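Each chain, written out:
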Amino acid sequence: MKSTPHINPQAPIAETILLPGDPLRAKFIAETYLEDVQQFNSVRNMLGFTGTYQGTPVSVMGSGMGIPSISLYAWELIHVFGCKKLIRVGTCGGMQEGVNLYDVVIGQAACSNSSFTDQYGLPGTYAPIASYRLIEAVREQAKAKGVTTHVGNILSSDVFYHADPTFNERWQKMGVLAVEMESAGLYATAAHAGVEALGIFTVSDSLVTGAETTAEERQTAFTQMMELALPLAAL
Ligand code: HPA
């Protein structure tokens with residue numbers, strides 16, 4: 001089997017892959033939701049697993065934090081291992097009133113302060129967007145299950161601790177729903193390769209109210225999000 005500097009597969013990798021930031025989250029997802037699980041990666045402890053969900057092969061692997069990390073894993077998964085549907089499952093900070101703790105945010109597009117897309121040398125500014133097909137499918141799942149979702153623009157920030165206290169406010173003014181740190185890199189990498197990507201998030205903290213979730217509550221919200229994400233494997 002082929003290998004890369006960051007992935008040395010000990011088992012097959014499915015065309016659909018879920019990408020939580022935390023590799024232990026990947027392990028939890030594999031053990032909780034998938035059948036016939038095999039671990040395919042352990043390089044740098046970025047654990048990756050392949051199994052089946054309702055009979056369809058699905059992989060799940062940690063992405064690490066930030067655009068550089070998720071983008072290099074996505075590139076290798078797409079270009080070397082043939083992944084065609086890459087779904088980030090993560091947490092985000094809510095940036096608007098009405099985007100409440102535990103709601104699900106679907107990242108229709110991802111703004112960023114990263115220079116990642118400069119590499120494509122485009123004569124303008126690229127707008128990284130998710131696969132509309134995947135957005136629609138998740139929305140259908142959410143409607144059927146009665147889960148509140150918010151679909152819209154998110155911000156993939158390179159900076160977690162800001163020197164500039166007005167940074168978030170200015171994005172909030174533009175109607176950006178939530179902040180996280182990866183999706184713009186994932187979307188651009190997928191678009192450049194002609195494959196599909198989507199980011200789905202549970203709101204773990206609110207930049208509007210300052211509220212934060214507890215570990216136990218996060219688990220419940222996480223389960224809800226996984227129930228929306230996993231059926232995408234069968235599309
Ligand atoms: N900022 C950036 N990334 C995040 C946040 C946040 O507030 N919450 C969850 N991921």
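The rules we used
Residues numbered from 1 in each chain as written. Predicted model: local features only at pLDDT ≥ 70, side-chain atom pairs only at ≥ 80, totals over all residues. Heavy atoms only, no water. Helix = DSSP H or I, 4+ residues; strand = E, 2+ residues; numbered from the N terminus. Buried < 20%, exposed > 50% of the residue type's maximum accessible area, 1.4 Å probe, protein only. Areas by Shrake-Rupley, 256 points an atom, 1.4 Å probe, with all protein chains shown as cover. Lys, Arg positive; Asp, Glu negative; His and termini not counted. Charge placed at Lys NZ, Arg CZ, Asp CG, Glu CD. UniProt positions renumbered as here; feature names shortened; annotations may be inferred. Axes fitted to C-alpha atoms, helices over the stretch in contact; angles between N-to-C directions. Parallel < 35°, antiparallel > 145°, perpendicular 65-115°, else oblique. Left-handed = near helix turned anticlockwise from the far one by under 90°. Contact = heavy atoms within 4.5 Å. Nonpolar A, V, L, I, M, F, W, Y, C, P; charged D, E, K, R; others polar. Polar contact = N/O pair within 3.5 Å; in protein donor to acceptor, adjacent residues only side chain to side chain. Pairing = 2+ DSSP bridges. Near = heavy atom within 4 Å. Phe/Tyr/Trp six-rings, centres within 6.5 Å; stacked < 30°, edge-to-face > 60°. Lys NZ or Arg CZ within 6 Å of the ring centre and 35° of its normal. Disulfide = S-S within 2.5 Å. Core = buried A, V, L, I, M, F, W, Y, C linked by side-chain atoms within 4.5 Å.

Undergrad: Is there a simple way to explain the overall build of the protein chain in this structure?
TA: Looking only at helices and strands, one finds six helices and nine strands in the protein chain. In terms of overall dimensions, the protein chain has a C-alpha envelope of 50 × 45 × 30 Å along the principal axes. Within the span of the protein chain, comprising 235 residues, buried residues form 53% of the whole. Carbon and sulfur atoms form 51% of the exposed surface of the protein chain, whose accessible area is close to 11000 Å². Side chains of the protein chain carry 14 positive and 22 negative charges; the gap between the two charge centres is 5 Å.

Undergrad: Mind showing me how you'd approach the UniProt feature "domain: Nucleoside phosphorylase" (unreviewed entry) in the protein chain here?
TA: The UniProt record annotates "domain: Nucleoside phosphorylase" (unreviewed entry) at residues 17–224. Measuring from the first to the last C-alpha atom of residues 17–224 gives 18 Å, for a span that is 32% helix and 30% strand.

Undergrad: Looking at this structure, how should I read the packing of helix H1 (residues 23–33) against helix H6 (residues 215–229)?
TA: Helix-helix packing is described using two parameters, namely the angle between the two axes and the distance between the axes. Taken N-terminus to C-terminus, the directions of H1 and H6 make an angle of 65°; their axes are 12 Å apart at the nearest point. With respect to H6, the axis of H1 lies roughly perpendicular. Pair H1 / H6 crosses with right-handed handedness. Residues Arg25, Phe28, Ile29 and Tyr33 of H1 form the contact with H6, whose own contacting residues are Gln219, Phe222, Thr223 and Met226. For the contact of H1 with H6, a count of residues per class yields five nonpolar, two polar and one charged.

Undergrad: What am I meant to see in the side chain of Thr149 here?
TA: In this fold, Thr149 is placed in strand E7 (residues 149–156). There is a polar contact of 2.8 Å between the side chain of Thr149 and the side chain of Arg139. Apart from residues no more than four positions distant in its own chain, Thr149 is found in contact with Val104, Ile106, Arg139, Ala142 and Leu228.

Undergrad: Which parts of the structure should I look at to understand the pairing of strand E2 (residues 35–41)?
TA: For a regular strand, the rule is simple: side chains alternate between the two faces of the sheet. Two strands pair when backbone bridges link them, and E2 and strand E3 (residues 48–53) are joined in this way by four bridges, in the antiparallel orientation. The residue of E3 that forms the bridge with Glu35 is Thr52.

Undergrad: Explanation requested: the site of the ligand in the structure shown.
TA: Near the ligand, the surroundings consist of Thr91, Cys92, Gly93, Phe160, Val179, Glu180, Met181, Ser204, Asp205 and Leu207. The backbone of Gly93 places a nitrogen or oxygen atom 3.3 Å from a nitrogen atom of the ligand. Take Asp205: an N or O atom from its side chain is 2.8 Å from a nitrogen atom of the ligand. Bound to the protein, the ligand loses 83% of the 260 Å² it would expose on its own. For the shell around the ligand, the secondary structure elements donating two or more residues are strand E5 (85–94), strand E8 (178–180) and strand E9 (196–206). Considering each element in turn, the shell around the ligand owes the most residues, three residues, to E5. When its residues are assigned to classes, the shell around the ligand shows five nonpolar, three polar and two charged.

Undergrad: Mind showing me how you'd approach the packing of aromatic side chains here?
TA: To describe a pair of aromatic rings, you give the distance between the ring centres and the angle between the ring planes. Enumeration according to the criterion identifies three aromatic pairs in this entry. For Arg25, the ring lying beneath its charged end belongs to Phe222, and the centroid distance is 3.9 Å.

Undergrad: Looking at this structure, I do not really get the state of the cysteines. What am I missing?
TA: Note on terminology: disulfide describes a covalent bond linking the sulfur atoms of two cysteines. Within the structure shown, the criterion is met by zero disulfides. Looking at the unpaired Cys92, the closest cysteine sulfur is the one in Cys111, lying at 14 Å. For Cys92, a relative accessible area of 2% translates into the label buried.

Undergrad: Would you explain the pairing of strand E1 (residues 16–19) in this entry?
TA: Going residue by residue along E1, you find Thr16 and Leu18 tucked away on one face and Ile17 and Leu19 tucked away on the opposite face as well. Bridging between E1 and E5 involves four bridges; their strand directions are parallel. By the bridge assignment for E5, Thr16 is matched with Lys85. With two bridges joining them, E1 and strand E4 (residues 56–61) adopt parallel strand pairing. If you follow Leu18 over to E4, its bridge partner there is Val60.

Undergrad: Where do I start with the nonpolar core in this structure?
TA: Proteins that are soluble and globular tend to have nonpolar side chains buried together. Counting residues in hydrophobic clusters, the biggest one holds 64 residues, and the most contacted among them are Ile17, Leu18, Met61, Leu77, Leu86, Val105 and Leu198. Of all the elements, helix H2 (residues 67–79) adds the most residues to this core, at six residues. Membership of the second largest hydrophobic core comes to six residues, among which are Met95, Cys111, Val176 and Val179.

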